[in-house]
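The lines below spell out each chain.
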Amino acid sequence: IQRASMWDNPSMGTPDFYHRCAGAGPCTTCVPNYLTDGFQEPHAGDGYIAMFTTWLTQTSSIDYREYTQAPLNRPLIGGEVYLFTMYIVMADGCQNGSSVPQIYFSDDEFFEGTVGGYYDLTPQIDFDTVITETENWIELSMCYTATGNEKYITIGNFLEHDEMRFRPVSQNTGEEHPYYLIDD
């Protein structure tokens, strides 16, 4: 994710950045071909980020999560209502969908030195849905009333394990863990 301008990794997890300019030939960070067998054109532009929302599934007890954060263009103004929109699609072949990533706004960036651990933070935006669509980008939008001085956005899974929802995708035989592509 460090190659995505302004975006950073606030944990020791490894969110991904896929871009059309990543290279030619066999390439695991290229667009539209990503990883080893995925195919997804960006919703807009030439790239997108991707992350595992969790490795906790019906058959796995590893609590690994990925997050990404970036500074906002300018601090949010207290009392103002902002419309947050992102586009999301589940990666090809995933066996499980999960609660989609939530959004956390903060006045400072943070770093947790654990490998993909759980952050006990309350996200201001929780779409409260599970997406298993693997072909068409799904728009997720929600209004947020700023408290004031929020300067950073963090995207990731802030839910406790018992709050997460899962939906198996029976026809898929690839990655067991939910992996989502995010754009715009």
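Figured I'd write up the structure that's included with this text. This is a predicted model, so every value here is computed, not measured.

**Observations regarding the sheet that holds strand β5 (residues 68-71)**
Within a sheet, adjacent strands bond to each other through the backbone by hydrogen bonds, running parallel or antiparallel. Strand order in the open sheet formed by 3 strands is β5-β10-β8, with antiparallel pairing between adjacent strands. Edge positions in the open sheet fall to β5 and β8 (102-106), since each of these has one partner strand only. Shown here is a sheet whose adjacent strand axes are inclined to one another by a mean of 20°, direction ignored. As defined by bridge partners, β5 adjoins strand β10 (residues 152-156) across 4 bridges and the pair is classed as antiparallel. When the sheet's bridge partners are listed, Thr68 is paired in β10 with Ile155.

**Some remarks on the side chain of Thr53**
Position of Thr53 among the secondary structure elements: in the loop between β4 (47-52) and β5. In this structure Thr53 comes out as buried when scored by relative accessible area, which is 0%. At a separation of 2.5 Å, a polar atom in the side chain of Thr53 contacts the side chain of Ser98. Not counting residues up to four positions away in its chain, the partners in contact with Thr53 are Tyr64, Arg65, Ser98, Ser99, Pro101, Asn157, Pro178 and Tyr180.

**As for the nonpolar core**
Soluble, globular proteins show a tendency: their nonpolar side chains are buried together. In this structure, Phe84, Met86, Ile88, Ile103, Phe105, Phe127 and Tyr179 are the most contacted members of the largest nonpolar core, which totals 34 residues. Sorting the residues of this core by element identifies β4, β6 (81-90), β8, β9 (138-145), β10 and β12 (179-183) as the ones contributing at least two each. Residue contributions to this core peak at 6 residues, all from β6. Those residues in contact with Ile88 that lie beyond four places of it in its chain are Val100, Pro101, Ile131, Asn136, Trp137, Ile138, Leu140, Tyr180, Leu181 and Ile182.

**Considering the pairing of β4**
Within β4, 6 of the 6 residues are buried, leaving the element largely enclosed by the surrounding structure. Taking every second residue as pointing to the same face, both faces of β4 are buried, with Gly47, Ile49 and Met51 on one and Tyr48, Ala50 and Phe52 on the other.

How each quantity is defined
- Residues numbered from 1 in each chain as written.
- Predicted model: local features only at pLDDT ≥ 70, side-chain atom pairs only at ≥ 80, totals over all residues.
- Heavy atoms only, no water.
- Pairing = 2+ DSSP bridges.
- Helix = DSSP H or I, 4+ residues; strand = E, 2+ residues; numbered from the N terminus.
- Axes fitted to C-alpha atoms, helices over the stretch in contact; angles between N-to-C directions.
- Buried < 20%, exposed > 50% of the residue type's maximum accessible area, 1.4 Å probe, protein only.
- Polar contact = N/O pair within 3.5 Å; in protein donor to acceptor, adjacent residues only side chain to side chain.
- Contact = heavy atoms within 4.5 Å.
- Core = buried A, V, L, I, M, F, W, Y, C linked by side-chain atoms within 4.5 Å.

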